[in-house]
Amino acid sequence: MFLKRKKEVIFVEVGGYIPKLRGFQEILSRRPTFYDILNFLAEKGKVSAGVFLNVFPSNLTLSEIWEIKRVIKILRDRGVKVVCKLQSGGIEEVFMSEICDKVLTREDSIFFLNGFSASLSSFGKFFSKIGVKIEAIKSGKMKSIPDLLTKTEVPESIKKDMKRFFGEIKQALISESKKFDGNIFFSGVKRAKELITSDVIDVITSDSEEEIIRKEFGGDVEVVYFQRRRFSVPFISGTKSKLAVVNMNGVIADNPYPNFINPSYFSSLLMRLAESKSVEAVLVRIDSRGGDAEGSHILNEKIDYIGKKKKVFVSFSSVGASGGYLASVSAKKIFATPFSAIGSIGVFLIKPFISELLQKIGIKTEVLEEGEMSSIFSPYKKLGEKEKKVLEKIVKDEHESFIKKVSEGRGIPVEKLREIADGSVFSGMKARELGLVDDIKSFSEVLDEMKEGKDLAVEEYPKVSIYDVFFRNIRPSFLYDSDIIFVKDIAFEILRGGRRFFYIAFFPVQLERL
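Everything in this summary refers to the structure shown in the same document. (Residues numbered from 1 in each chain as written. Predicted model: local features only at pLDDT ≥ 70, side-chain atom pairs only at ≥ 80, totals over all residues. Heavy atoms only, no water.)

1. Section: the packing of aromatic side chains
Here is the rule we go by: Each Phe, Tyr or Trp ring, with Trp reduced to its six-membered ring, pairs with another whose centre is within 6.5 Å; inter-plane angles below 30 degrees give stacked pairs, above 60 give edge-to-face pairs, and intermediate values give tilted ones. Per the convention used, a helix needs a DSSP run of H or I reaching at least four residues, while a strand needs a run of E reaching at least two, with both numbered from the N terminus. Remark: exposure states derive from per-residue accessible area (1.4 Å probe, protein chains only) relative to the maximum for the residue type, with buried under 20%, exposed over 50%, and partly exposed in between. By definition, being over a ring means that NZ of Lys or CZ of Arg is both within 6 Å of the ring centre and within 35 degrees of the ring normal.
Per the stated rule, a full pass over the model turns up 15 aromatic pairs. Seen from their ring centres, Phe116 and Phe166 are 5.9 Å apart, and the 50 degrees between their planes marks the pair as tilted. One end of the pair, Phe116, is in the loop between β6 (110–113) and α5 (124–130); the other, Phe166, is in helix α7 (residues 156–175), and 50 residues separate them in sequence. Exposure class is identical for Phe116 and Phe166. Each is buried. Ring geometry for Tyr265 versus Phe266: centroids 5.5 Å apart, planes at 80 degrees, classification edge-to-face. Taking the ring centre of Phe95 as reference, the NZ or CZ of Lys69 above it sits at 3.5 Å. In this structure, Lys170 is placed above the aromatic ring of Phe186, and the distance from its NZ or CZ to the ring centre is 4.7 Å.

Okay, structure coming up:
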C-alpha cells in the first residue's frame, strides 16, 4: 500500500531585514537573501498547490517588491493559489499584497500610505562654520551633490527635478496597481477596516498563519519553508553550462566588497567569466548610484569585452544611475523595473580646502611644490584660476566621454542625448521611453530570456562560502556596515583629505524606502 503524498503549500516570509547579497553573516545565520526568495518562489511555487505570504515591514524597495510580484503573477497564471497575511506596513507591503488572490489582516493593523518623501540637506553653512571650503566643478546642471555641499539653501531646480521624478514613480505605482485604485497609496494613515471598502483587504481575522493555511488550502497539506545548506565549497562545480549572475551593489569605489563595487575586484571577476568555457552567458545585476569615474569606465570596458565573446545583459534593481549606468551601456540589453532610478548622465569634481579648519585647532600647514600642478588636489591649498580651468576641462571631457559611450551603446544620436544628459534621473518607465533601457522586466524574467529554453545552471558571483569563513584574509572582509548614505561618504572623504575627487554619482538624498 502506497502513502498518498500531501499537497505542498510553500510559506514565504517577506519582512524584516532581507539581505540583498549573500555575505559572511548570512552564511552563519542562514537567512534567505532576496534572490533566494525569488528562486524559492519560482522553483517550488510552480510544483506546489499554493503559496502563503506572510508580509510585514522590510528593507525591500518598490523595485524589489515588484520583482517578487512578477514571479507570483506567473504562478497565479498557472493556477497556483496565493494567499497573503498582511501584518502592517506601508506602501511597499500593501503593493506586495495586491497580487494575491486573498488578503487577510488583523483588526488592529495600521497602514502608512503617505506617499513619498525625501530629505534634502544643504551643507554650505556647515562647512563654512567649521572652516572648510568646498571647491566644486560639475558638468550637467542637475548633478546636485556639488550644490548641496557648497550652497546654504537647496536650489529650486533640484527640488523641482526631484518632484518630477516623484511624479514618474507615482504614475508607475498607480499603473502597476490592478486590484484597486493606486491613489490609495497617497491617502494617509489607514486602519484595516478602512481598507476593506477600497478592496485592499479582503478579510479581517484574528487567526494565526497556521489556521489561515488550513482554512484556505485544506487541513491535509504540508507546509514547506525555505531551506538551504549552511556551507558550500566554491571550487567544486558541475560540468553543466552556466548562466553567471554578477551582483554589483553599492558605490563604485576602491573599497572592499560587498558594500562597494570595487573596480579591480569585479574587473578580474568579469574577465574570468569572459574566458570561462563553462559560462555560456552573463547577467550583471546592478544596484548603484555611481561613484568613481575611472572605475565606472573600467567596468564598462569589461562588460563590453564579455559581449564580444558571449551574451551579456544588465538588470537594474532600484538604482542604475551615473557611474552605475555608465558601466551598463556596453551590454547587449539593459532592463529595469518601473521604479528603478535610471540615468543621471553627468560628472562632478569636489576638492576641499581645510587649512582654516586646521588653524582653528593650532595646526598650520605649508605646501611645498615641485611642478606647476603638483598640489592641484591638495586640501591645504585653494585652486588657482589656471588650475580651475584645467579641472573644468577634465570634467567637461569626462562628461563628453560619458555621453559618447551612452550614444554608442544605446544607439541614441549624441545631439538628442544631450537633451537629457544633464544629470537628471528618470524612472524605469520613462527611461524605456527615452531609450536608456530596452524593456521593463524583473530579474527572473531576464533570466528566462537569457536561458532561451536551455537547461543552464544559474550561479551567483561573487561567491561566499565556508572557504571565506576559515580563510577570510584571502579575500576582502565581509563585516562592513551595509547602510551607506552617499553624502556622508563624500563628507568623510572631505574631512579626511582623501586624494580621489572625481565622481560620477547620483542621489544627494536618502529616499524614504523608495
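2. Here's the deal with the pattern of salt bridges
Going by this rule: In the sections that follow, a salt bridge refers to a side-chain nitrogen of Lys or Arg positioned within 4 Å of a carboxyl oxygen of Asp or Glu.
Per the stated rule, a full pass over the model turns up 38 salt bridges. Put simply, Glu209 and Lys85 hold a salt bridge, and the shortest N to O gap is 3.5 Å. Taken together, the residues span a long stretch of sequence, with Glu209 in helix α9 (residues 209–217) and Lys85 in strand β3 (residues 81–86) at a distance of 124 residues. Residue classification places Lys85 among the buried positions, given a relative accessible area of 5%. Salt-bridge contacts for Glu452 lead to Lys311; the nearest nitrogen and oxygen are separated by 3.0 Å. Taken together, the residues span a long stretch of sequence, with Glu452 in the loop between α17 (443–451) and β22 (457–461) and Lys311 in strand β16 (residues 311–321) at a distance of 141 residues. Salt bridges here are not isolated pairs; linked through shared partners, they connect Lys396, Glu400, Glu415 and Arg418.

3. As for α9
Defined as follows: Working note: the arc is built from the helix axis to C-beta atom directions. Contacts are assigned to residue pairs that have any heavy atoms within 4.5 Å of one another.
Along α9, the residues classified as buried are Glu209, Ile212, Ile213, Glu216 and Phe217. Buried residues of α9, seen end-on, are gathered within an arc of 100 degrees and therefore sit on one face of the element. Its buried side turned inward, α9 meets β1 (7–16), β2 (50–58), β3, β5 (102–105) and β10 (221–225).

4. Some remarks on the nonpolar core
To be explicit about the condition: Here, the term nonpolar core denotes a set of buried Ala, Val, Leu, Ile, Met, Phe, Trp, Tyr and Cys residues that are joined through side-chain atoms within 4.5 Å.
Counting residues in hydrophobic clusters, the biggest one holds 66 residues, and the most contacted among them are Val14, Leu41, Leu53, Ile68, Met96, Phe185 and Leu283. Ranked by residue count, the leading element in this core is helix α3 (residues 62–77), at 7 residues. Residues in contact with Ile68, not counting those within four places in the same chain, are Val14, Phe34, Ile37, Leu38, Leu41, Leu60 and Met96. Judged by nonpolar contacts, the second largest core, of 49 residues, contains Met248, Leu299, Leu349 and Val395.

5. Quick notes on empty space enclosed by the protein
Note the threshold: Detection works on a 1 Å grid of protein atoms alone, calling trapped sets that fit a 1.4 Å probe cavities and calling open sets with protein on both sides within 12 Å along at least five of seven lines pockets, with lining residues defined by an atom within 4 Å of a point. Grid points are joined across faces, edges and corners, and a volume is the space filled by probe spheres set on the points.
One pass over the structure, following the stated rule, counts 2 cavities of 30 Å³ or more. Put simply, the second largest cavity is a space of about 80 Å³. Around the second largest cavity, the lining residues are Lys20, Leu21, Phe34, Tyr35, Glu64, Asn247, Met248, Asn249, Arg285, Asp287 and Ser317. Elements supplying a minimum of two residues to the lining of the second largest cavity: α2 (34–45), β11 (242–249) and β14 (279–288). The element contributing the most residues to the lining of the second largest cavity is β11, with 3 residues.

6. Observations regarding the pairing of β1
Definition in use: DSSP-based pairing: two strands are paired if at least 2 bridges between them are found.
With respect to burial, β1 is a largely interior element, 7 of its 10 residues being buried. Pairing of β1 with β10, which is carried by 5 bridges, proceeds in the parallel orientation. Paired with Glu8 across the bridge in β10 is Glu222. The pairing of β1 with β2 spans 7 bridges and is classified as parallel. Pairing of Gly16 across the sheet is with Ser58, part of β2.

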